[in-house]
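# A closer look at the structure
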Amino acid sequence: MSFASNGSWSAPLEYSKALRKELGQKRGQVGQILLRGDGVQSDSEEGIFWLRRGAADGDADAQYDLGRCYEQGRGVDVDVASAALWYQEAAKQGHDKAICALGYCYAKGEGVQQDQEMAAKLFLRAAQLKMPEGQYNLAVCYARGRGVKKDMERAAEMYMKASLNGHKAATSNLGLIYEVCVACQWY
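Just so we're clear, the structure is a prediction, and the values are computed from it rather than from any experiment. (Residues numbered from 1 in each chain as written. Predicted model: local features only at pLDDT ≥ 70, side-chain atom pairs only at ≥ 80, totals over all residues. Heavy atoms only, no water.)

### Some remarks on the overall build of the protein
- Helix and strand counts for the protein come out as 9 helices and 0 strands.
- Sequence-ordered secondary structure for the protein, helices as α and strands as β, is α-α-α-α-α-α-α-α-α.
- Counting contacts in the protein only where the partners sit at least 6 residues apart, residues at least 24 apart contribute 40% of the total.
- Counting only carbon and sulfur atoms, one obtains 53% of the accessible surface of the protein, whose full area is about 11400 Å². (Helix = DSSP H or I, 4+ residues; strand = E, 2+ residues; numbered from the N terminus. Contact = heavy atoms within 4.5 Å. Areas by Shrake-Rupley, 256 points an atom, 1.4 Å probe, with all protein chains shown as cover.)

In structure tokens:
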């Protein structure tokens, strides 16, 4: 007995991809455990080795974590271009923190050519994923007219969302906006 094939699905290939992704997640987790020293002696070199393996296998968390290591010089030399590259790989898979970090890279021109419009688009994607840091950074874009048209109402809206999600700087900035608006009404 044989099964009909639709020509586009190959069981061994699909199982292989799924297994590699699962293995990548485990490798990335081992890397983080070694970097942090969770229950084991901290070993940056070995941790980076396993993070790289997980990232190469396509694990978005490992890709993001490896990007952070390159950005901060944790276990590797600081290399903002490599950080941006790994953030981009994780962002392609919808990793919210990587999307926001990549937006920051574009906003500051770190590891990529500075592009305020691209930064705002990435912050919008992170905000849509309900990431407080993305909401906050998008609010800053609207408040300062960076990559988007200046719009204090949208800035206040995004600061409010970030504030409700626990972002302290967003709460402070929202208070400043309201203070300025009330002061403007008095004069």
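### Comments concerning the state of the cysteines
- All told, the structure shown has 0 disulfides when counted by the stated rule.
- The closest cysteine sulfur to the non-disulfide-bonded Cys 100 is located on Cys 141, 9.8 Å from its own sulfur. (Disulfide = S-S within 2.5 Å.)

### Re the nonpolar core
- Ranked by size, the top nonpolar core spans 47 residues in total, and within it Ile 48, Leu 51, Leu 66, Tyr 87, Leu 102, Phe 123 and Tyr 159 carry the most contacts.
- At 8 residues, helix α5 (residues 96–108) tops the list of elements feeding residues into this core.
- Excluding residues that lie within four positions of it along the chain, Phe 123 makes contacts with Cys 100, Gly 103, Tyr 104, Ala 107, Gly 134, Asn 137, Leu 138 and Cys 141. (Core = buried A, V, L, I, M, F, W, Y, C linked by side-chain atoms within 4.5 Å. Buried < 20%, exposed > 50% of the residue type's maximum accessible area, 1.4 Å probe, protein only.)

### Quick word on unusual backbone geometry
- A positive phi is found at Lys 130, a non-glycine position, where the angle reads about 65°.
- As for its placement among the helices and strands, Lys 130 is situated in the loop between α6 (116–128) and α7 (132–144).
- On the accessibility criterion, Lys 130 (61% relative accessible area) is exposed.

### Some thoughts on the packing of aromatic side chains
- Counting across every chain of the model gives 3 aromatic pairs.
- Judged by centre distance (5.8 Å) and plane angle (50°), the rings of Tyr 136 and Tyr 159 are tilted. Residue Tyr 136 is located in helix α7, and its partner Tyr 159 is located in helix α8 (residues 152–164); the two are separated by 23 residues in the primary sequence.
- Of the residues examined, Tyr 136 reaches a relative accessible area of 16% and is grouped as buried. (Phe/Tyr/Trp six-rings, centres within 6.5 Å; stacked < 30°, edge-to-face > 60°.)

### Here's the deal with a nonpolar patch on the surface
- Taken together, Met 160, Leu 164 and Tyr 178 make up a surface patch of nonpolar side chains, about 320 Å² in accessible area.
- Its location among the elements puts Tyr 178 in helix α9 (residues 168–186).
- On the accessibility criterion, Tyr 178 (43% relative accessible area) is partly exposed. (Patch = residues over 30% accessible without salt bridge, like charges linked within 9 Å, V, L, I, M, F, W, Y side chains within 5 Å. Salt bridge = Lys/Arg side-chain N within 4 Å of Asp/Glu carboxyl O.)

### Observations regarding the pattern of salt bridges
- By the definition in use, this model includes 6 salt bridges.
- In this structure, the salt-bridge partner of Arg 27 is Asp 57, at a minimum N-O distance of 2.4 Å. Taken as a pair, Arg 27 in helix α1 (residues 11–36) and Asp 57 in the loop between α2 (44–56) and α3 (60–72) lie far apart in primary sequence, 30 residues in all.
- Accessibility expressed as a relative area gives 15% for Arg 27, which makes it buried.
- Note that Arg 36 is salt-bridged to Asp 38, the shortest N-O span being 2.7 Å.
- Looking at Arg 36, the relative accessible area reads 46%, which means it is partly exposed.
- A single network of salt bridges, built from pairs that share partners, joins Arg 154, Glu 157 and Lys 161.

### Comments concerning the environment of Ile 99
- Locating Ile 99 in the fold gives a position in helix α5.
- The exposure class of Ile 99 is buried, given its relative accessible area of 1%.
- C-alpha of Ile 99 to C-alpha of Met 131: the two residues are 32 residues apart in sequence and 9.8 Å apart in space.
- The contacts of Ile 99, once residues within four sequence positions are left out, are Ala 91, Gly 94, Leu 122, Arg 125, Ala 126 and Leu 129.

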